[in-house]
Amino acid sequence: VFGTLGHGGAESRIIDLYRHMDRDRVQFDFVVHYEAEETGKKCPSSQELLAVRHADYFDEQVKALGGNIYAVPRFKGLNLADYQKAWGNLLEENKNTWHAVQGHMTSTAAIYLPIAKKAGIPLTVAHARSAGTDPGWKGMVTKVIRSPLQKDGACDVSLACTREAGEAVFGARRVREGKVRIVPNAIEVDAFAFDEKDRKEVRAQYGVEDCVVLGHVGRFHYAKNHAYLLHVFYELKHVTTLPVKLLLAGEGSLMERAKDEARVLGIENDVIFAGDRRDIKRFYSAFDYFVFPSRYEGLPGTVIEAQAAGLPCLVSDTVTRDVDVTTLVRHKSIGEDAALWAGAILEDLAIRTDETGEHIRMEAIAAYRAEESVRARAKLKEAGFDVATQAQMMMMFYESGRFDA
């Protein structure tokens, strides 16, 4: 269960897992949420919602892998009865179809998982993937709605990508008592290996062949803190003579605000908004440095992907230390002035300058990054971040309902 099948971190991780499943043993279907108003009905059926729904990023991949997509109306608080009815109807229409319902959308999991259990679903799973909530009214409502998940029996199994995410959703007591299973966000580690050809092609595409390129991957959302990132880049430009560019991959509701902020800071000509990219793996090779000042996260797969590509990362101290698999990651507080982040980045970039302070040759950077990537990928696999290994574990879980089978 997801909000959408867009190119988000949780969705990407599950699609990676899905691709590595033995689909003769385990098959995935997906339930997403959509606006009921677009159908002209108060409580439309799944088919009616799908008829007006715009395709999401992963729709075609799901269908190619043999999965089906279903839809329920988006929960807005006042439509609780309609939301419950939609779930009841969906489960009744697909009776005896599903063995398990796994909710990655925990904001309403305490509503739909009990309905699934009552409908006869053998295995209900809540999966916490974020250690925070949005600010204001929306965040407060989310905490209230999902609070039943902190009680034993709300679902059969509680999973979390990190201890912090588990405590945020299921409560510290349940984590402490071992009632929450930690399953790290795994990736296809070798797919993110540094590639010199990708580096040259992506950098040429954006005209940044001779620049130091800072990168970020993530949707334009409050949690990702793009405004702070832009201020860090602004400060960096004022403490170095190196030609620097900021390459941002992703889309979202706050993208236009970020573009406005770049114009206000006078850095719009040095900030590249690449949009949502299907070839994002290639971008990590093109970056020289990864900056990730999130306000909150679960376990950001992007930081794991960046390490696999041998990329140095500066990450906010609100991000779990579970991402510190290699020495490529360092943390700083987003409570600090942006100039201090810029200084830290400049220190790290020193390893990419020669004795005169000039940016070193492309070939030298490529050789360094290739070596770092080999070392990092080995460590990531040892730490359990390889999706092929995790797929085997999750298949046994889905078949048995236990992790100790």
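Residues numbered from 1 in each chain as written. Predicted model: local features only at pLDDT ≥ 70, side-chain atom pairs only at ≥ 80, totals over all residues. Heavy atoms only, no water.

Further remarks concern the nonpolar core. The biggest cluster of nonpolar side chains holds 68 residues, and the ones touching the most others in it are W87, Y112, L149, Y284, F287, F290 and I304. The element best represented in this core is helix α5 (residues 109-118), accounting for seven residues. Non-local contacts of I304, meaning those with residues more than four positions away in its chain, are made with I187, L299, V323, V325, L380 and F385. By size, the runner-up hydrophobic cluster in this structure holds 32 residues, among which are L17, M21, Y34 and V183. (Core = buried A, V, L, I, M, F, W, Y, C linked by side-chain atoms within 4.5 Å. Buried < 20%, exposed > 50% of the residue type's maximum accessible area, 1.4 Å probe, protein only. Helix = DSSP H or I, 4+ residues; strand = E, 2+ residues; numbered from the N terminus. Contact = heavy atoms within 4.5 Å.)

This brings us to the sheet that holds strand β4 (residues 123-128). Within a sheet, adjacent strands bond to each other through the backbone by hydrogen bonds, running parallel or antiparallel. Across the sheet, four strands lie side by side as β3-β4-β5-β6; this open sheet has parallel pairing. Each end of this open sheet is capped by a strand with a single partner; those strands are β3 (100-103) and β6 (181-182). Of the pairings in the sheet, the one linking β4 to strand β5 (residues 157-160) comprises four bridges and is parallel in character. From the neighbouring strand, H127 faces β5, where its bridge partner is L159. (Pairing = 2+ DSSP bridges.)

For the rest of this paragraph, the subject is helix α4 (residues 80-93). Spanning 14 residues, α4 covers 20 Å between terminal C-alpha atoms, matching the ideal 20 Å at 1.5 Å per step. Where α4 is concerned, the buried positions are D82, Y83, A86, W87, L90 and L91. Looking straight down α4, one finds its buried side chains confined to an arc of 165°; they lie on one side. When the buried face of α4 is taken as reference, the exposed residues oriented beyond 90 degrees from it are A81 and E92. (Expected span 1.5 Å × (residues − 1). Arc of directions from axis to C-beta.)

So, on to the packing of aromatic side chains. What describes a pair of aromatic rings is the distance from one ring centre to the other and the angle between the planes of the rings. Applying the stated criterion across every chain, the model contains 20 aromatic pairs. Ring centres of F2 and F30 lie 6.4 Å apart, and the angle between their planes is 15°; this geometry places the pair in the stacked category. A residue pair is termed long-range when its members are at least 10 positions apart, and F2 in the segment before α1 (9-19) and F30 in strand β1 (residues 30-34) qualify at 28 residues. Owing to a relative accessible area of 4%, F2 belongs among the buried residues under this scheme. Under the relative-accessibility criterion, F30 is labelled buried at 3%. Seen from their ring centres, F290 and F292 are 5.8 Å apart, and the 15° between their planes marks the pair as stacked. In terms of burial, F290 and F292 fall into one category: buried. Members of the aromatic cluster, each reached through a chain of ring pairs, are F2, Y18, F28, F30, F397, Y398 and F403. Above the ring of Y57, the side-chain terminus of R278 is found at 4.1 Å from the ring centroid. For the cation-ring pair, R295 lies above Y222, with the distance from its terminal atom to the ring centre recorded as 4.1 Å. (Phe/Tyr/Trp six-rings, centres within 6.5 Å; stacked < 30°, edge-to-face > 60°. Lys NZ or Arg CZ within 6 Å of the ring centre and 35° of its normal.)

Right, let's get into the sheet that holds strand β11 (residues 313-316). On the basis of which strands lie adjacent, the open sheet formed by six strands has the order β9-β8-β7-β10-β11-β12 and parallel pairing. In this open sheet, the two edge strands, each paired with only one partner strand, are β9 (271-275) and β12 (329-332). The average undirected angle you get between the axes of adjacent strands in this sheet is 25°. In this structure, strand β7 (residues 212-217) lies alongside strand β10 (residues 289-292), joined through two bridges in parallel fashion. If you follow L214 over to β10, its bridge partner there is Y289. Taken strand by strand, helix α14 (residues 338-349) contacts β7, β10, β11 and β12, and its axis lies near 160° from that of β10. (Axes fitted to C-alpha atoms, helices over the stretch in contact; angles between N-to-C directions.)

Turning to unusual backbone geometry, a few remarks are in order. Positive phi, close to 65°, is recorded for N96, a residue that is not glycine. Following the sequence through the fold, N96 ends up in the loop between α4 and β3. The backbone of N225 sits at a positive phi, close to 65°, despite the residue not being glycine. The exposure class of N225 is buried, given its relative accessible area of 6%.

So, on to the pattern of salt bridges. Enumeration according to the criterion identifies 37 salt bridges in this entry. Between R19 and D16 there is a salt bridge; the shortest N-O distance is 2.3 Å. Here the residue R19 and the residue D16 both occupy positions in helix α1, the gap between them amounting to three residues, near one helical turn. Connected through shared salt-bridge partners, K197, D198, E201, R277, D279 and R282 make up one network. (Salt bridge = Lys/Arg side-chain N within 4 Å of Asp/Glu carboxyl O.)

Before going further, it helps to spend a moment on the pairing of β4. Most of β4 is tucked away: six of the six residues are buried. Burial along β4 is two-sided: the face carrying L123, V125 and H127 and the face carrying T124, A126 and A128 are both buried. Relative to β4, β3 runs parallel, the two sharing four bridges. If you follow A100 over to β4, its bridge partner there is L123. Following the backbone out of β4, through helix α6 (residues 136-146) and into the adjacent parallel β5, one traces a crossover that is right-handed. (Right-handed = clockwise from strand over helix to strand, strands pointing away.)

Quick look at the state of the cysteines now. On inspection of all chains with the given rule, the structure shows zero disulfides. Here C161 stays unpaired: no disulfide links it, and the sulfur of C155, its closest cysteine neighbor, is 15 Å away. In this structure C313 is not part of a disulfide, and its nearest cysteine sulfur, from C161, lies 17 Å away. (Disulfide = S-S within 2.5 Å.)

A few words on the packing of helix α10 (residues 226-237) against helix α11 (residues 255-265). One can describe the packing of α10 onto α11 by two numbers: an axis separation of 10 Å at closest approach and a directional angle of 25°. The angle between α10 and α11 falls in the class roughly parallel. Like other packed secondary-structure pairs, α10 and α11 cross with a definite hand, here right-handed. Note on element contacts: α11 touches α10 through A258, E261, A262 and L265, opposite L230, H231 and Y234. (Parallel < 35°, antiparallel > 145°, perpendicular 65-115°, else oblique. Left-handed = near helix turned anticlockwise from the far one by under 90°.)

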